[in-house]
Amino acid sequence: MTDPIADYLTRLRNAIQAKHRVVEVPASNLKKEITKILFEKGYILNYKFVEDGPQGTIKVALKYDSVNKVNAIKKLERVSSPGLRRYTGYKDMPRVINGLGIAIISTSKGVMTNKEAADLKIGGEVLCYVY
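Computed from a prediction, not measured in an experiment: that's the story for all the values here.

How each quantity is defined
- Residues numbered from 1 in each chain as written.
- Predicted model: local features only at pLDDT ≥ 70, side-chain atom pairs only at ≥ 80, totals over all residues.
- Heavy atoms only, no water.
- 1 Å grid on protein atoms, 1.4 Å probe; cavity = no way out; pocket = protein on both sides within 12 Å on 5 of 7 lines; lining within 4 Å.
- Points joined across faces, edges and corners; volume = space filled by probe spheres on them.
- Helix = DSSP H or I, 4+ residues; strand = E, 2+ residues; numbered from the N terminus.
- Nonpolar A, V, L, I, M, F, W, Y, C, P; charged D, E, K, R; others polar.
- Axes fitted to C-alpha atoms, helices over the stretch in contact; angles between N-to-C directions.
- Parallel < 35°, antiparallel > 145°, perpendicular 65-115°, else oblique.
- Left-handed = near helix turned anticlockwise from the far one by under 90°.
- Contact = heavy atoms within 4.5 Å.

Peer 1: It is not clear to me how the layout of surface pockets should be interpreted in this structure. Could you clarify?
Peer 2: The method is simple in principle: a probe with the dimensions of a water molecule rolls over the atoms, and the space it marks as empty is what remains. Within this model, the largest pocket holds a volume of roughly 150 Å³. Taken together, Arg13, Ile16, Gln17, Lys19, Tyr64, Lys69, Val70, Asn71, Ile73, Lys74, Lys75 and Leu76 form the lining of the largest pocket. With 3 residues, helix H1 (residues 4-17) is the single largest residue contributor to the lining of the largest pocket. Residues belonging to the lining of the largest pocket are distributed by class as follows: 5 nonpolar, 2 polar and 5 charged.

Now the structure itself:
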């Protein structure tokens, strides 16, 4: 697999399209950090790290609106890829839907949202947009 982050986002997208409640993805430290951010920002209902095998898996419970059964995640978009890395400085931090969405950034201080990175005045690689 050349791009595990794109695979992770695609599995989430496919589960949302198929209206699944839970999706399992192979784990890595970067995917665990992205999952924690999605949970903290309210895009997923819950998550669980299952330690089986060398790296384990992540079980992600997707969040749906109870009334009209719409998912909390409208779009997951991969920005940087192994073939074309996208970096940003803290002054040029991307705004997703004018501040309504989040951009997940991999910085020297760890994986965080665009707002947290701008507050700490550090830039990094733009992994994906979520809204």
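Peer 1: In this structure, what is going on with the packing of H1 against helix H2 (residues 29-40)? I would like to understand it.
Peer 2: A pair of packed helices is captured by two measures, namely the crossing angle of their axes and the spacing between those axes. Close contact between H1 and H2 brings their axes to 10 Å; oriented N to C, the two are set at 40°. On the basis of their axis angle, the class for H1 and H2 is oblique. Relative to H2, H1 is oriented so that their crossing is right-handed. Counting all contacts with H1, which are made through Pro4, Ile5, Tyr8 and Leu12, the residues of H2 involved are Leu30, Lys31, Ile34, Thr35 and Leu38.

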